Every structure is written in structure tokens, then in C-alpha cells.
Amino acid sequence: MKLAVIGTGYVGLVTGTCFAEVGHTVICVDCDARKVEMLQKGGIPIYEPGLEELVQKNVAAGRLGFTTSTRDGVENADVVFIAVPTPPQPDGSVDLSFMEGVARDIAAVMTSYKIVVDKSTVPVKTGEKVAETIRRYCKAKVEFDVVSNPEFLREGSAVSDFLKPDRVVIGVRTQRPVAAMKELYAPFNAPVVVTDINSAELIKHAANSFLALKISYINAISVICEASGANVQEVASGIGMDARIGRQFFDASLGFGGSCFPKDLSAFVKIAEQLGYDFGLLKEVQRINALQMDRFFKKILETVWVLKDKKIGVLGLAFKQNTDDVRMSPAIDLCHRLLKEGALLRVHDPKAMDKARTVLPPSGVTYIDDMNEVAEGCDALVVATEWNQFKSLDLDRVRKAMTHPILFDGRNLFDPREMEQLGFIYKSIGR
Ligand code: UGA
């Protein structure tokens, strides 16, 4: 099939590339000419495992192209995906101006029947507005259908999540686009759930909120574990073996971050409020998440005491492992808190150092390329992101290099008993 994908951020680029990989012909459209030029030359603006190779392979095969022209993308496409940002506004609601703008652009260039698919995460009832907008601005009065097709990709494993989805959700108003949408996704062999548009939009917000709730639940349990001397990892395993609950997304941490969970929770609370429901449960999820960072930082303060002029090593800057994304990263929040107290930071992240430079102040932060050199002369070391490679840190070297062997583990990567045997003062989460 012939597709256009408008917006080449994490979602749009992965969507377009993976559809090309299974044989569809895809044109990705973006208004950022520099980005388009970079993509045309085989470069990619983000780090996402496996994506660069797939982009290059599919561009070479002639199945994937990039343009700044909506007309060039939409003209010959059977299906047009909208994958533009839906950023948060100060009151928690979502800024839908990019959605509206793209709906107008599509309307202006449509000359034959199109299936217009919303992939961006949006509040319930957005599809109705998109359809209304296209109808209003399409002078040619061409027929079209709007479909909601939310994405469930995780950054860091987006390509494999796309190629092996748990399910594909298709929200429609009429049956007309269903066969084409099923054909589009047929190569992925995944269960397809066909719903109305509002339900599909709700599935996305409700799924992300539930995952965030699960993390806040285990984080709340971690507080009880600390107070009672229990071990949150053992508790999580014991609960998670119940198939109804599951062990995934049940790791206590210094809190969840990223461009999705915090934003989607706020947006869901807001849309619920507009629909007349006070979603107190999700507000508590947000409160627990914020508290988790406060408690972790308090641990650092209580142990190190005065942070002014102390050298603190920070391992991890991205909001999670396998990405260079630092948006709403707990690690960056922690760096800001440490800097505010006057600490001097030595930081390392396998992929996110360049992006971190754009959000951290220019002074007080030294970027270290080798993770084993971060601890040099430090009064304390903090693990802030769950990168797998941190587990193979040369702990003996680290301890010897530190002024004081104090390690705060915000991701429970190490074993408390082993760390104590190695001579560390070791503090983690819920253990
Ligand atoms: C999330 C969802 O997992 C995806 O299904 C969804 O498609 C995506 O949002 C989206 O809406 O676009 P993502 O934000 O990329 O994906 O990353 P996650 O793997 O969900 O991690 C989110 C945060 O939770 C990270 O800060 C991570 O460190 C934290 N986390 C995750 C925990 O603290 N504990 C866990 O057990 C799992």
C-alpha cells in the first residue's frame, strides 16, 4: 500500500520505517527542512536501537522517502498518518494546534479518497475534531475517513515493539476503512481490536495511565519495604508471578519520566475533569511519583549532609535506558537538584550526553566519556538511569577512586549485600 506519514519524530519515523520494512511504500513528511535533508542522506536525528539501519535499508530499496511537501506525501497515498507532537500546556491539557494544522494541510491537498489516521497521543474526542476540520477546509469536497490508531511503542525498543505488537487498535466511525487498515497491519500477525474512535483514543490514555499506576504502586510498596525491612524486589517478584498482575513494569525506581507518562497522566486527568470526573486515583499516581524523587534526594542529603562543593558522580542522564531522550528525565531533575545545593557533578550517559548538554547549565557539570572514570575524586556516586552496562561497572576501581565510597542506586542495579562486602555505603530503593 502507499502511505504518507506526517511528522518524523520518534513515533512518525519508527512508524514510517517499519511499514516500509514490511513492504509498503512510505513518504515521510516533515516541516523541518534540515531534518528531512539529514534523513534523505541516511542520518537520523535520534538514537533508537536498530532504526538507522532500517532507514538506510528501506531508502536504498526505494520504499522510504522524505519530503517537506505535504502535497507530495498525500497526493498518491492511500493512507495518511498524522504523527505530530501533542505537547503539554501549563494547565496539563494538550496543545492540539499541530494536529489541527496538519488536518488543514491534508484537507487542502486531498484530491481523492483518503484514510486519515491519527497516531499521535490525543485526548478522547480529538478524532471528531480532526474529521470536522478536514470537512471544513477541504474545498474539493473529497471523501475521507478518520481513524484512530494509537501507538504503544516504548522508546529504546520502538522498532521491535512496532514489528511485534501485542495488539493493533483501530478506532473507526464507519466500516469503510477497516479492510484497508487490516491489510496494512497484516504482515505483523497481531490481534486487531476494532472499536469506535473515542474508545481507541481512550485505550491509549488509559493504558499509559495504568502502566504509570503500576510503577507508582510498587514505588509506594518500596516505602513500606524500607520502613519494615522488607525487600521490594522480592515482594515485586512474589506479586508479579500472579499472571493477573505480571512482573513487567513493576520495578521500584526514583520515579518514571519521559515524554509520555507524565504528560499523558496530566492530560487524562484534565480530560476526565472536562468530562465531569475527578480522577483522584491518577492524581495520587502523580503524587507518589514526585514523592519518590523527593525521598531519594533526601537520602542523599541525609547521608552526604552538605552538598556545597561536594563532587557527585551521576551515572545516567536519559529518562530510561537505550535512548538519548532526556525529556522529563528523573536523572536530569536530580542533576538540577544537586546543582542547586552547590554540588559539582561528574556525569556520564552512554547516549544522552549531547542532549543533556542542552538542558543542564554550562558550569558545574563535567561530562565523562568512560563510565568507570566518573567516580574519580567523588564524595558520592548516583545511579539515575537503568542502563544495563552500569551493571558491569568496575566496582573495585570505582571504590578506590572515590573520596568516600557512597553509592546511591536509584534503579536497584546492584545487590546490597555484595555492595557492602565491597566496602560501599550503599543506599537503594525499597531494600
Ligand atoms: C511509554 C509506554 O510504555 C509505551 O507503551 C507508550 O507507547 C509510550 O509511553 C508512548 O505513549 O509513546 P516510554 O515512555 O517510551 O513508553 O518508556 P517506558 O518504558 O514506558 O518507561 C517510562 C518511565 O518509567 C521511564 O522513566 C522508566 O525508567 C520508568 N519505569 C519503567 C520504572 O520506573 N519502573 C518500571 O518498572 C518501568
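What counts, and where the lines are drawn
- Residues numbered from 1 in each chain as written.
- Predicted model: local features only at pLDDT ≥ 70, side-chain atom pairs only at ≥ 80, totals over all residues.
- Heavy atoms only, no water.
- Helix = DSSP H or I, 4+ residues; strand = E, 2+ residues; numbered from the N terminus.
- Rg over C-alpha atoms; globule rule 2.2 N^0.38 Å.
- Buried < 20%, exposed > 50% of the residue type's maximum accessible area, 1.4 Å probe, protein only.
- Contact = heavy atoms within 4.5 Å.
- Areas by Shrake-Rupley, 256 points an atom, 1.4 Å probe, with all protein chains shown as cover.
- Lys, Arg positive; Asp, Glu negative; His and termini not counted.
- Charge placed at Lys NZ, Arg CZ, Asp CG, Glu CD.
- Near = heavy atom within 4 Å.
- Polar contact = N/O pair within 3.5 Å; in protein donor to acceptor, adjacent residues only side chain to side chain.
- Nonpolar A, V, L, I, M, F, W, Y, C, P; charged D, E, K, R; others polar.
- Domains from an automatic or database assignment.
- Axes fitted to C-alpha atoms, helices over the stretch in contact; angles between N-to-C directions.
- Left-handed = near helix turned anticlockwise from the far one by under 90°.
- Buried area = accessible area lost by both parts, 1.4 Å probe.
- Parallel < 35°, antiparallel > 145°, perpendicular 65-115°, else oblique.
- Expected span 1.5 Å × (residues − 1).
- Right-handed = clockwise from strand over helix to strand, strands pointing away.
- Pairing = 2+ DSSP bridges.
- Core = buried A, V, L, I, M, F, W, Y, C linked by side-chain atoms within 4.5 Å.
- Phe/Tyr/Trp six-rings, centres within 6.5 Å; stacked < 30°, edge-to-face > 60°.

Trainee: What is the right way to look at the overall build of the protein in this model?
Mentor: For the protein, the helix and strand inventory stands at 16 helices and 14 strands. What you see for the protein is a C-alpha radius of gyration of 23 Å, in line with the 22 Å of a compact globule of 431 residues. On the principal axes, the C-alpha backbone points of the protein span a range of 70 × 45 × 40 Å. Residues counted as buried form 53% of the 431 residues belonging to the protein. Contacts in the protein between residues far apart in sequence, at least 24 positions, make up 72% of those at least 6 positions apart. Working note: accessible area of the protein is about 19,200 Å², and carbon and sulfur atoms make up 53% of it. Put simply, the protein has 52 plus and 55 minus side-chain charges, and the middle of one group is 2 Å from the middle of the other.

Trainee: Explain the site of the ligand here, please?
Mentor: Lining the immediate environment of the ligand, one finds 21 residues, of which Leu-153, Glu-155, Lys-204, Asn-208 and Ser-253 sit closest. Interatomic distance of 2.9 Å between a backbone N/O atom of Phe-319 and an oxygen atom of the ligand. At 2.7 Å, a side-chain N or O of Glu-386 approaches an oxygen atom of the ligand. Isolated, the ligand exposes 720 Å² of accessible area, and the fraction of that covered by the protein chains is 94%. When contributions to the shell around the ligand are tallied by element, the ones reaching two or more residues are α9 (197-228) and α11 (261-274). Broken down by element, the residue count for the shell around the ligand peaks at 3 residues, all from α9. The residue makeup of the shell around the ligand, split by class, is 9 nonpolar, 3 polar and 9 charged. Taken domain by domain, the makeup of the shell around the ligand includes at least three residues from each of domain 1 (2-190) and domain 2 (202-431).

Trainee: It is not clear to me how the packing of helix α5 (residues 97-109) against helix α6 (residues 126-137) should be interpreted in this structure. Could you clarify?
Mentor: Relative orientation and spacing of two packed helices are given, respectively, by the angle between their axes and the distance between those axes. The interhelical angle for the contact between α5 and α6, taken along N-to-C directions, is 35°, at an axis separation of 8 Å. Of the two elements, α5 crosses α6, and the hand of that crossing is right-handed. Of the residues in α6, those touching α5 at Met-99, Glu-100, Ala-103, Arg-104, Ala-107 and Ala-108 are Thr-126, Val-130, Thr-133, Ile-134 and Tyr-137. For the contact of α5 with α6, the per-class residue count stands at 7 nonpolar, 2 polar and 2 charged.

Trainee: Would you explain the domain arrangement of the protein in this entry?
Mentor: A common measure of how large an interface is: the accessible area buried when the components associate. Under the domain assignment used here, the protein contains domain 1 (2-190) and domain 2 (202-431). On a C-alpha basis, the centres of domain 1 and domain 2 stand 33 Å from each other. Taken together, the 25 residues of domain 1 in the interface contact 24 residues of domain 2. Together, Tyr-47, Val-124 and Glu-155 form the three largest contributors to the area buried by domain 1 at its contact with domain 2, with a combined 32%.

Trainee: How do you make sense of the packing of α11 against helix α12 (residues 280-304) when you look at a structure like this?
Mentor: Direction vectors running N to C along α11 and α12 enclose 155°, while the axes themselves pass 9 Å from each other. Our classification of the angle between α11 and α12 gives roughly antiparallel. Considering how the two elements wind past one another, α11 and α12 form a crossing that is left-handed. Here α11 contributes Leu-265, Ser-266, Phe-268 and Val-269 to the contact with α12, which in turn contributes Leu-282, Lys-283, Val-285 and Gln-286. Here the contact of α11 with α12 is built from residues that sort into 5 nonpolar, 2 polar and 1 charged.

Trainee: I keep staring at α5 and nothing clicks. Help me out?
Mentor: One full turn of an α-helix is made of 3.6 residues, so residues set three or four places apart face in the same direction. Taking 1.5 Å of rise per residue, 13 residues should cover 18 Å, and α5 covers 19 Å from first to last C-alpha, within 8% of that figure. Those residues of α5 that sit buried are Met-99, Gly-101, Val-102, Ala-103, Ile-106, Ala-107 and Val-109. Its buried side turned inward, α5 meets β1 (2-6), α4 (70-75), β4 (79-82), β5 (114-118) and α6.

Trainee: How do you make sense of the environment of Glu-132 when you look at a structure like this?
Mentor: Counting through the fold element by element, Glu-132 comes out in helix α6. Residue class for Glu-132 comes out partly exposed when judged on its relative accessible area of 33%. Spatially, the C-alpha atom of Glu-132 lies 26 Å from that of Lys-263, the residues being 131 residues apart in sequence.

Trainee: Looking at this structure, how should I read the pairing of β1?
Mentor: In the case of a regular strand, side chains alternate between the two sheet surfaces. Across the 5 residues of β1, 4 count as buried, placing the element largely inside the fold. Assessed by its sense of winding, the connection that carries the chain from β1 through helix α1 (residues 10-21) to strand β2 (residues 25-29) is right-handed. Pairing of β1 with β4, which is carried by 4 bridges, proceeds in the parallel orientation. Looking across to β4, one finds that Leu-3 is bridged to Val-79.

Trainee: What is the right way to read the nonpolar core from this model?
Mentor: The nonpolar side chains of soluble globular proteins are, as a tendency, buried together. Of all hydrophobic cores here, the largest spans 60 residues; its most connected members are Ile-300, Leu-317, Leu-334, Leu-338, Leu-345, Leu-381 and Phe-414. For this core, the element with the most residues is helix α13 (residues 330-340), which contributes 6 residues. In terms of nonpolar packing, the next biggest core, distinct from the first, is built from 39 residues, Leu-3, Ile-46, Leu-54 and Leu-64 among them.

Trainee: What should I look at first to understand the packing of aromatic side chains in this one?
Mentor: Two descriptors summarise a pair of aromatic rings, namely the distance from one centre to the other and the angle between the planes of the rings. In the structure shown here, the tally under the stated rule is 12 aromatic pairs. Ring geometry for Phe-19 against Phe-188: centres 5.9 Å apart, planes inclined by 65°, an arrangement best described as edge-to-face. Of this pair, Phe-19 sits in helix α1 while Phe-188 sits in the loop between α8 (178-185) and β8 (192-195), placing them 169 residues apart in sequence. This pair shows no difference in class: Phe-19 is buried, exactly as Phe-188 is. Clustering of aromatic rings is evident, with ring pairs tying together Phe-19, Phe-81, Phe-162, Tyr-185 and Phe-188.

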